[in-house]
Amino acid sequence: MTDTAPRARRSDATRAAILRAARERFAADGYDRATIRAIAADARIDPSMVMRYYGSKEGLFAAAAEFDLRLPDLGAVPPDRLGETLARHFLRRWEGDETLAALLRAASTNPGAAERMRAVFAEQLAAEVARFGTDPTTTARRAGLVASQILGLAFARYIVGLPPVVEMAADELVGWVAPTLQRYLTGPVPA
């Protein structure tokens, strides 16, 4: 009998301890102030183990990030207000929780974080878009285009800090973005 199973169990337990410590540390300190050293100390392991399993702080954050977009029930929204509803919702989400901005920052350089971001939007946004009756053959595309608009806006406003976008009041920003989201959600499929 080999000792592969005990090693695998230890590995799983170590990963779980790291993720638990990372979630607590990121929640308490935020992404920027949380350190690999502090997370490792919380998990009672050597910092090299964190790097071994997750490669970088960004990779660890991507694995630890549990992000709920808390999307509104789009089935309950009048069809002509879908774009506005989502634009307002996402602005509130981005401004009310630094976790999504940290995940977006990490996703720009870390494949694991990028995969986590894709999963968050694919699982949550596509499922909600499907609920309000889009043609199932276009649901993924529509949700993907909405995500591209939302992520681009978030990158410009919260990551890069592009002055004209940062300076806009939320209502003005919604006025600009909502028609595009509306078209992505309910517009005809281009020929």
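Residues numbered from 1 in each chain as written. Predicted model: local features only at pLDDT ≥ 70, side-chain atom pairs only at ≥ 80, totals over all residues. Heavy atoms only, no water.

Draft legend 1. Quick peek at the packing of helix H4 (residues 57-64) against helix H6 (residues 98-107). Close contact between H4 and H6 brings their axes to 9 Å; oriented N to C, the two are set at 130°. Considering their axes alone, H4 and H6 lie oblique with respect to each other. The two elements H4 and H6 cross, and the hand of that crossing is left-handed. Taken together, the residues of H6 that come into contact with H4 (itself represented by Glu58, Phe61 and Ala62) are Thr99, Ala102, Leu103 and Ala106. (Axes fitted to C-alpha atoms, helices over the stretch in contact; angles between N-to-C directions. Helix = DSSP H or I, 4+ residues; strand = E, 2+ residues; numbered from the N terminus. Parallel < 35°, antiparallel > 145°, perpendicular 65-115°, else oblique. Left-handed = near helix turned anticlockwise from the far one by under 90°. Contact = heavy atoms within 4.5 Å.)

Draft legend 2. Quick look at the side chain of His89. As for its placement among the helices and strands, His89 is situated in helix H5 (residues 82-96). The class for His89 is buried, based on a relative accessible area of 8%. (Buried < 20%, exposed > 50% of the residue type's maximum accessible area, 1.4 Å probe, protein only.)

Draft legend 3. Quick look at the pattern of salt bridges. Scanning all chains against the criterion turns up 8 salt bridges. The salt bridge partner of Arg157 is Glu95, with a shortest N-O separation of 3.1 Å. In this pair, Arg157 is assigned in helix H8 (residues 139-160) and Glu95 in helix H5, connecting sequence segments 62 residues apart. Taking the relative accessible area as the measure of exposure, Arg157 reaches 12% and is therefore buried. (Salt bridge = Lys/Arg side-chain N within 4 Å of Asp/Glu carboxyl O.)

Draft legend 4. Quick peek at the packing of H6 against H8. Direction vectors running N to C along H6 and H8 enclose 100°, while the axes themselves pass 11 Å from each other. The orientation of H6 with respect to H8, classified from their angle, is roughly perpendicular. Contacts between H6 and H8 involve Ala101, Leu104 and Arg105 from the former and Leu151, Ala154, Phe155, Tyr158 and Ile159 from the latter. Its residues assigned to classes, the contact of H6 with H8 shows 7 nonpolar, no polar and 1 charged. (Nonpolar A, V, L, I, M, F, W, Y, C, P; charged D, E, K, R; others polar.)

Draft legend 5. Inspection of unusual backbone geometry at higher detail. Phi angles above zero are rare outside glycine, and Arg44 is one such case at about 60°. With respect to the helices and strands, the residue Arg44 is situated in the loop between helix H2 (36-43) and helix H3 (47-54). Classification of Arg44 as exposed rests on a relative accessible area of 77%. Phi is positive for Arg70, close to 50°, though the residue is something other than glycine. Within the secondary structure layout, Arg70 lies in the loop between H4 and H5.

Draft legend 6. Representation of the packing of aromatic side chains. All told, the structure shown has 3 aromatic pairs when counted by the stated rule. Residues Phe26 and Phe61 carry aromatic rings whose centres are separated by 4.9 Å and whose planes lie at 90° to one another, so their mutual orientation is edge-to-face. On the criterion of sequence distance, the pair formed by Phe26 in helix H1 (residues 4-33) and Phe61 in helix H4 is long-range, its members being 35 residues apart. With relative accessibility at 9%, the residue Phe26 sits in the buried group. (Phe/Tyr/Trp six-rings, centres within 6.5 Å; stacked < 30°, edge-to-face > 60°.)

Draft legend 7. Representation of helix H10 (residues 170-186). Taking 1.5 Å as the rise per residue, H10 with 17 residues should run 24 Å; its terminal C-alpha atoms sit 23 Å apart, in good agreement. Within H10, the axis deviates most sharply at Val177, by approximately 35°, and proline Pro179 lies no more than four positions further along. Listed as buried for H10 are Leu173, Val174, Val177, Ala178, Thr180, Leu181, Gln182, Tyr184 and Leu185. Looking at the buried side of H10, the elements it contacts are H5, helix H7 (111-131), H8 and helix H9 (163-167). (Expected span 1.5 Å × (residues − 1). Bend = angle between axes of the 7 residues up to and from the residue.)

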